[in-house]
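Read off the chains here:
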Amino acid sequence: MKLKANYVVTMNKSYEIIENGEIIFDKEIIEIGTNLPKCEKEIDLGENSVIMPALINSHTHLEFSSNKTLLEYGDFIIWLNSVIKHRETLFVECKTECFKKAIDEMKKSGICAFGEISSTGDDLKYLKHSPLKVAYFNEIIGTAPGAVDMLYQDFLVRLSESQALEGKNFKTGISIHSPYSVHPVLMDKVIEIAKKKNLPIQAHFMESKAERRWLDEGEGEFKLFFEKHFKNAKPFIKPIEFLEKFKNTKTTFVHCVYANDKELSKIKEIKADIAHCPVSNRLLNVGLLDLERVKNFSIDYSVATDGLSSNYSLNLFKEIRAALLMHIELHPKYLAKDLLKAVTINAAKELGFNNGSLEPGKDADMVTFKLPSKVTQKELLPLQIILHTNEVDHLFINGKLIK
Ligand code: MCF
Ligand code: FE
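The rules behind each value
Residues numbered from 1 in each chain as written. Chains lettered and ligands numbered in written order. Predicted model: local features only at pLDDT ≥ 70, side-chain atom pairs only at ≥ 80, totals over all residues. Heavy atoms only, no water. Near = heavy atom within 4 Å. Polar contact = N/O pair within 3.5 Å; in protein donor to acceptor, adjacent residues only side chain to side chain. Helix = DSSP H or I, 4+ residues; strand = E, 2+ residues; numbered from the N terminus. Nonpolar A, V, L, I, M, F, W, Y, C, P; charged D, E, K, R; others polar. Core = buried A, V, L, I, M, F, W, Y, C linked by side-chain atoms within 4.5 Å. Buried < 20%, exposed > 50% of the residue type's maximum accessible area, 1.4 Å probe, protein only. Domains from an automatic or database assignment. Donors = N, O, S within 2.8 Å, 3.2 Å for Na, K, Ca; no water. Disulfide = S-S within 2.5 Å. Axes fitted to C-alpha atoms, helices over the stretch in contact; angles between N-to-C directions. Parallel < 35°, antiparallel > 145°, perpendicular 65-115°, else oblique. Left-handed = near helix turned anticlockwise from the far one by under 90°. Contact = heavy atoms within 4.5 Å.

### Some details on the site of ligand 1
- Taken together, the neighbourhood of ligand 1 is formed by 16 residues, with H61, E139, H204, E207 and D306 sitting nearest.
- The separation between a nitrogen atom of ligand 1 and a polar side-chain atom of H177 is 3.1 Å.
- For the shell around ligand 1, the leading source of residues is helix α1 (residues 76-93), giving four residues.
- Residues belonging to the shell around ligand 1 are distributed by class as follows: six nonpolar, seven polar and three charged.

### So, the nonpolar core
- The biggest cluster of nonpolar side chains holds 118 residues, and the ones touching the most others in it are I176, F222, F242, F253 and I385.
- When residues of this core are assigned to their parent elements, the largest contribution, seven residues, is made by α1.
- Residues lining this core come from more than one domain, with at least three contributed by each of domain 1 (2-53 + 357-402) and domain 2 (55-351).
- Formed by 14 residues, the second largest nonpolar core is a distinct cluster that contains I23, I32, I51 and M366.

### So, the coordination of the iron ion (ligand 2)
- Of the protein atoms, only H59 (NE2), H61 (NE2), H204 (NE2) and D306 (OD) coordinate the iron ion (ligand 2), at distances of 2.1 to 2.3 Å.
- Sequence spacing of the donors to the iron ion (ligand 2): H-x1-H-x142-H-x101-D. One end of the pair, H59, is in strand β6 (residues 55-60); the other, H204, is in strand β10 (residues 200-205), with 145 residues separating them in the sequence. The residues H59 and H204 share a single accessibility class, namely buried.

### So, the state of the cysteines
- Counted according to the given criterion, the structure contains one disulfide.
- Disulfide partner of C94: C98, at an S-S distance of 2.1 Å. Taking the sign of the torsion about the S-S bond as the criterion, the disulfide between C94 and C98, at about -90 degrees, is left-handed. Judged on exposure class, the residue C94 and its partner C98 are both buried.
- Here C256 stays unpaired: no disulfide links it, and the sulfur of C277, its closest cysteine neighbor, is 9.8 Å away.

### A short note on the packing of α1 against helix α7 (residues 221-229)
- Between α1 and α7, the least distance of the axes is 10 Å, while the angle of their chain directions is 20 degrees. As summarised for this structure, α1 and α7 are arranged roughly parallel, according to the angle between their axes. The handedness of the crossing between α1 and α7 comes out as right-handed. Across the interface between the two elements, F76, I77, L80, N81 and I84 of α1 pack against E221, F222, F225, K228 and H229 of α7.

In structure tokens, the structure reads:
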């Protein structure tokens, strides 16, 4: 089949935007350019139309999707305490309908794939029928030395249940919750598995000032938090040692708001990525990632919504619009280009899918939509896309029309 649009945003290495472009595809993209050979089925999308790679939400927690107003925003530790208090209730309340609603919202906004952090494995029965591609990260969390064996066994069961679904549309991975919440013995065990099986990893890292202080000095709000819940009051690991553990893996560090230059340089050295969740960071009031610094270290980053546990929406166009407005340190025209990369090609790399750009041989995962009027300067197209798009007209996954 062939589609034709005013603008085809390829997201290839040279960020090529083809005017009056065409794309021929079946399950995969076959050819892309202008004046391509005739096809039996052809659609011209018309005035002010755009085709671009479908979006990829690299980091979510769908198991928390029943949260609307229950969790307490405005302070990281207060939020964390509210998660501990309401976690079970939220999980019980999120069943078929709730997962469907979450996936529907992503679908409408043109998302073809998402990275799911699963702490229990209970979401697997809903996600195995997902119309969107899933990268399923089995989370390991827990610091009590006495619980290490039990937690590890439980993790292995969840991992093997998810690995049974492994395929083109379903990838499995590992999530190490964070440097403050996982026993180092557990970290080593699961990183070993990731290395052996070549699985992608995600880890929350340096999300809050409280985390920074706790890991550096063993003091601050986290000290009180740990004394209250877990009776242990010493951090297990230094941030740089934590990062070192991920050498020779394919890891994405989520948040990194308080990562210092040494840590960013280590993240670059081990070829890891960063997942940036600006709305979540704002709502938990932890501050804003310095994207200019991340760029100076040449670290690739994705932008993600995080879960409805720390966001009001899973719509990635809304997320990158928020990012565009928040990051006043960067020029909107160039930031917009980077943000589109963040939710396509960069996120695809992090999750391990063969999509994220429109190039021959890539999966035909793409969206179409229309801008409200003509764009006079092609250079401004990414910015106009981010300002004016909330939902897409069509979403193709593996060449199949999903929306
Ligand atoms: O990314 C946000 C904020 N940082 C850390 N964790 C979570 C986020 N959203 C949900 N979580 C989950 C996490 O996966 O909340 C639990 C973990 O299972 C926090 S620790 C009780
Ligand atoms: Fe998260």
